[in-house]
Amino acid sequence: MIFAILLCYAAASVALGQRDSLSTNHLQLLPAAVPLRRGVLVEAPQPYRFGYESVDLVGTKQHRNEFSDAAGAVKGSYGFIDPQGMYRRVEYTADADGYRATVHSNEPGMTSKNVADATYFIEAPPPSVVAQGLTYLKPQFKA
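The following refers to the structure shown. What you see is a predicted model; the values in this text were computed from it and never measured.

### What to know about the overall build of the protein chain
In terms of regular secondary structure, the protein chain is built from two helices and six strands. Along the chain direction, N to C, the helices and strands of the protein chain fall in the order α-β-β-β-β-β-β-α. Within the protein chain, buried positions represent 17% of all 143 residues. Looking at the protein chain alone, contacts between residues at least 24 apart form 14% of all its contacts between residues at least 6 apart. About 11800 Å² of surface is accessible on the protein chain, with carbon and sulfur atoms providing 62% of the total.

Written out as structure tokens, the structure is:
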């Protein structure tokens, strides 16, 4: 038993030693200094603007608008409003300070816990949406 343990220890020592020598061998393949290419131009971000609005067969309207500036900062918004008046609108900015969003909504169950660096402005859901949810939750008895 002791022989087996010593054999395992010796094998592990050899493997670790080989791993250490192998892990540095790739460094010998690289030249001491890698020259950088000259004449490579880095272009500044190109400003852009796009957007759309659509209405599906049920009457839900969706939209998205976004634009950027020459510094690469992006601002935009997206969202929807359904035929019953339930909506969500997200306005966002992505720039050197990170991604920040503001969410406006009246969706049932939405809370304003301000998670993920987003600020929430929540309103009460439309009465028809609440009534629809209450009808769904009503127990259905089978005869």
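### Observations regarding the side chain of Ser-68
Along the chain, the position of Ser-68 falls in strand 2 (residues 61–68). Of the residues examined, Ser-68 reaches a relative accessible area of 9% and is grouped as buried. Ser-68 has contacts with Gln-46, Pro-47, Tyr-48, Ala-73 and Val-74, leaving out every residue within four places of it along the chain.

### Some words on the packing of aromatic side chains
The way to describe two aromatic rings as a pair is by their centre distance and the angle between their planes. All chains considered together, the criterion is met by three aromatic pairs. Where Tyr-92 meets Tyr-99, the ring centres are 5.9 Å apart and the plane angle is 25°; that geometry is what we call stacked. Given a relative accessible area of 8%, Tyr-92 falls into the buried group. A network of ring pairs unites the aromatic residues Tyr-78, Tyr-92 and Tyr-99 as a single cluster. Directly above the ring of Phe-67 sits Arg-49, whose terminal nitrogen or CZ lies 4.8 Å from the centroid.

### Points about the environment of Lys-75
Note on placement: Lys-75 falls in strand 3 (residues 74–81). Classification of Lys-75 by relative accessible area gives partly exposed; the value is 41%. When the C-alpha atoms of Lys-75 and Arg-100 are compared, they prove to be 9.6 Å apart, with 25 residues separating the residues in sequence. When neighbours within four sequence positions are excluded, Lys-75 is seen to be in contact with Asn-65, Glu-66, Phe-67, Tyr-92 and Thr-93.

### Let's talk about the sheet that holds strand 3
Spatially, the six strands line up as an open sheet ordered 1-2-3-4-5-6, and their pairing is mixed. For this open sheet the edge positions go to strand 1 (49–55) and strand 6 (118–122), each flanked by a neighbour on one side alone. Across the sheet, the axes of successive neighbouring strands diverge by a mean angle of 5°, strand direction being ignored. Bridge count for strand 1 against strand 2 is seven bridges, and the pairing is antiparallel. Directly across from Gly-51, in strand 2, lies its bridge partner Asn-65.

### Overview of the pairing of strand 2
Between the end of strand 1 and the start of strand 2, which pair antiparallel, lie five residues, with Gly-59 showing a positive phi angle near 110°. Linking two consecutive strands that pair antiparallel, namely strand 2 and strand 3, is a turn of five residues; a positive phi of about 95° is found at Gly-72 within it.

### Notes on the environment of Gly-51
With respect to the helices, strands and loops of the structure, Gly-51 is situated in strand 1. On the basis of relative accessible area, Gly-51 is assigned to the partly exposed category, the value being 44%. Between the alpha carbons of Gly-51 and Ser-77 there is a distance of 9.2 Å; along the sequence they are 26 residues apart. Contact partners of Gly-51, with chain neighbours within four places excluded, come to Arg-64 and Asn-65.

Parameters and conventions
- Residues numbered from 1 in each chain as written.
- Predicted model: local features only at pLDDT ≥ 70, side-chain atom pairs only at ≥ 80, totals over all residues.
- Heavy atoms only, no water.
- Helix = DSSP H or I, 4+ residues; strand = E, 2+ residues; numbered from the N terminus.
- Buried < 20%, exposed > 50% of the residue type's maximum accessible area, 1.4 Å probe, protein only.
- Contact = heavy atoms within 4.5 Å.
- Areas by Shrake-Rupley, 256 points an atom, 1.4 Å probe, with all protein chains shown as cover.
- Phe/Tyr/Trp six-rings, centres within 6.5 Å; stacked < 30°, edge-to-face > 60°.
- Lys NZ or Arg CZ within 6 Å of the ring centre and 35° of its normal.
- Pairing = 2+ DSSP bridges.
- Axes fitted to C-alpha atoms, helices over the stretch in contact; angles between N-to-C directions.

Geometry only, nothing functional implied.
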